[in-house]
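# Overview (structure and organization)
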Amino acid sequence: MRILIVEDSVLLREGLVRLLEDAGHAVVAALPDASALDETVDATDPELCILDVRLPPTFVDEGIRAALSLRKRIPQLPLLVLSQYVEERYASDLIIAQGVTAQGSAGPLGYLLKDRVADVAEFIDSVERIAAGATVLDPEVVAQLLTRRNQDDRMRTLTDRERTVLAMIAEGRSNQAIAATLFLSEASVEKHITAIFQKLGFEPDESGNRRVLAAIAHLENAGLNGPQPGHAPQPGPAQTGPAQTGMNR
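Everything numeric in this text was worked out from a predicted model, so none of it was measured.

What counts and what doesn't
Residues numbered from 1 in each chain as written. Predicted model: local features only at pLDDT ≥ 70, side-chain atom pairs only at ≥ 80, totals over all residues. Heavy atoms only, no water. Helix = DSSP H or I, 4+ residues; strand = E, 2+ residues; numbered from the N terminus. Buried < 20%, exposed > 50% of the residue type's maximum accessible area, 1.4 Å probe, protein only. Contact = heavy atoms within 4.5 Å. Areas by Shrake-Rupley, 256 points an atom, 1.4 Å probe, with all protein chains shown as cover. Axes fitted to C-alpha atoms, helices over the stretch in contact; angles between N-to-C directions. Parallel < 35°, antiparallel > 145°, perpendicular 65-115°, else oblique. Nonpolar A, V, L, I, M, F, W, Y, C, P; charged D, E, K, R; others polar. UniProt positions renumbered as here; feature names shortened; annotations may be inferred. Salt bridge = Lys/Arg side-chain N within 4 Å of Asp/Glu carboxyl O. Core = buried A, V, L, I, M, F, W, Y, C linked by side-chain atoms within 4.5 Å. Expected span 1.5 Å × (residues − 1). Pairing = 2+ DSSP bridges. Right-handed = clockwise from strand over helix to strand, strands pointing away. Left-handed = near helix turned anticlockwise from the far one by under 90°.

### With respect to the overall build of the protein
- Within the protein, the secondary structure is distributed over eleven helices and seven strands.
- The proportion of buried residues among the 249 residues of the protein is 50%.
- The long-range fraction of contacts in the protein, counting pairs at least 24 apart against all pairs at least 6 apart in sequence, stands at 76%.
- Accessible surface, the protein as shown: approximately 11,200 Å² in total, 51% of it carbon and sulfur.

Here you go:
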């Protein structure tokens, strides 16, 4: 896979290059900032772009703005954004910018804490899943979003069990994993998921994006009050293993 990296830290940038190349991927460019990103993307035609949230010159939201610009210019290009801390507003902006609707979706997206890179096998797996079409969200981001009070009337119609299943969908768990965790049959999980989709107004369609739409419903309606661009984030405790939301069903 052809990968482009935008990371200002020399140590992390070179570390990512080494990890990805050792895993058999080709790093077509490794940039310290986003100033030449568009030209480099056009020249190298990457299959995945990895960007830091905060880049020079201000180290505020340059990486996020670059990712949003890439998403608008090349909608199908898979993106992986890395962040030092949980920055909920940025995560929600990116996912909502996916433009996922009943008619279609933009390319796959990942949002991970930089700590995840330390688990090389898990990180490489996440990179490859994103390139293959998955939306991969850091579990710490999911946890903070889902613990905020939800004000959406649609959410209030869900039963406690349906809320639990929806939370697990947002964490990227498969029907089989949900069933095993909740000690239910897969048929029962399927019924709960069908009820959730109906209550949230996600009708069956050919795009197969309803699981992603359910996760986005949490992001859009969980009363997000995350840091705005220019505000310093608050670090949160790391959890293990990124959530992986497949694009199927």
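### Regarding the packing of helix 1 (residues 10–22) against helix 5 (residues 120–131)
- For the pair helix 1 and helix 5, interaxial distance at closest approach is 11 Å and the crossing angle is 75 degrees. With respect to helix 5, the element helix 1 is oriented roughly perpendicular. When helix 1 is examined against helix 5, the residues Leu16, Leu19 and Leu20 are found in contact with a partner set consisting of Val120, Phe123, Ile124 and Val127.
- Considering only residue class, the contact of helix 1 with helix 5 consists of seven nonpolar, no polar and no charged.

### A few points about the UniProt feature "modified residue: 4-aspartylphosphate" (unreviewed entry) in the protein
- UniProt tags Asp52 as "modified residue: 4-aspartylphosphate" (unreviewed entry).
- As for its position among the elements, aspartate 52 is in strand 3 (residues 48–52).
- Setting aside its immediate chain neighbours within four residues, aspartate 52 contacts Val6, Glu7, Asp8, Gly63, Leu82 and Lys114.

### Describing the environment of alanine 26
- Summarising the element assignment, alanine 26 is placed in strand 2 (residues 26–31).
- Spatially, the C-alpha atom of alanine 26 lies 8.7 Å from that of leucine 4, the residues being 22 residues apart in sequence.
- Ignoring sequence-local partners within four residues, the contact set of alanine 26 consists of Met1, Arg2 and Ile3.

### A look at the pattern of salt bridges
- Under the definition given, this model contains nine salt bridges.
- Aspartate 38 is the salt-bridge partner of arginine 73, the closest N and O atoms lying 3.5 Å from each other. Of the two residues, arginine 73 sits in helix 3 (residues 62–73) while aspartate 38 sits in helix 2 (residues 37–44), which places them 35 residues apart along the sequence.
- Judged by its relative accessible area of 35%, arginine 73 falls in the partly exposed class.
- Aspartate 38 gets classed as partly exposed once you look at its relative accessible area, which sits at 31%.
- Across the pair aspartate 138 and arginine 116 runs a salt bridge, and its minimum N-O distance is 2.6 Å.

### Section: the nonpolar core
- Leu4, Leu37, Cys49, Leu51, Leu79 and Tyr111 are the most contacted members of the largest nonpolar core, which totals 26 residues.
- Breaking this core down by element, the ones donating at least two residues are strand 1 (2–6), strand 2, helix 2, strand 3, helix 3, strand 4 (79–83), helix 4 (88–96) and strand 5 (109–113).
- Per-element tally for this core: the top contributor is helix 3, with four residues.
- If you look at the next biggest cluster of nonpolar residues, it comprises 20 residues, including Ile3, Leu12, Ile50 and Ile124.

### Let's talk about helix 3
- Taking 1.5 Å of rise per residue, twelve residues should cover 16 Å, and helix 3 covers 16 Å from first to last C-alpha, within 8% of that figure.
- Looking only at helix 3, the buried set comprises Glu62, Gly63, Ile64, Ala66, Ala67, Leu70 and Arg71.

### Re the pairing of strand 5
- Most of strand 5 is tucked away, with five of its five residues classed as buried.
- Burial along strand 5 is two-sided: Leu109, Tyr111 and Leu113 facing one way and Gly110 and Leu112 facing the other are all buried.
- Across five bridges, strand 4 lies against strand 5 in parallel orientation. The partner of valine 81 across the bridge, within strand 5, is tyrosine 111.
- Bridge count between strand 5 and strand 6 (residues 135–137): two bridges; the pairing is parallel. Bridge pairing in strand 6 places tyrosine 111 opposite leucine 137.
- In this fold, the crossover linking strand 5 to strand 6 by way of helix 5 has left-handed handedness.

### Observations concerning the packing of helix 2 against helix 3
- For the pair helix 2 and helix 3, interaxial distance at closest approach is 11 Å and the crossing angle is 45 degrees. In terms of their interaxial angle, helix 2 and helix 3 are classed as oblique. As for the relative orientation of helix 2 and helix 3, their crossing is right-handed in sense. Contact with helix 2, carried on its side by Leu37, Asp38, Val41 and Asp42, involves Ala66, Leu70 and Arg73 of helix 3 and no other residues of that element.

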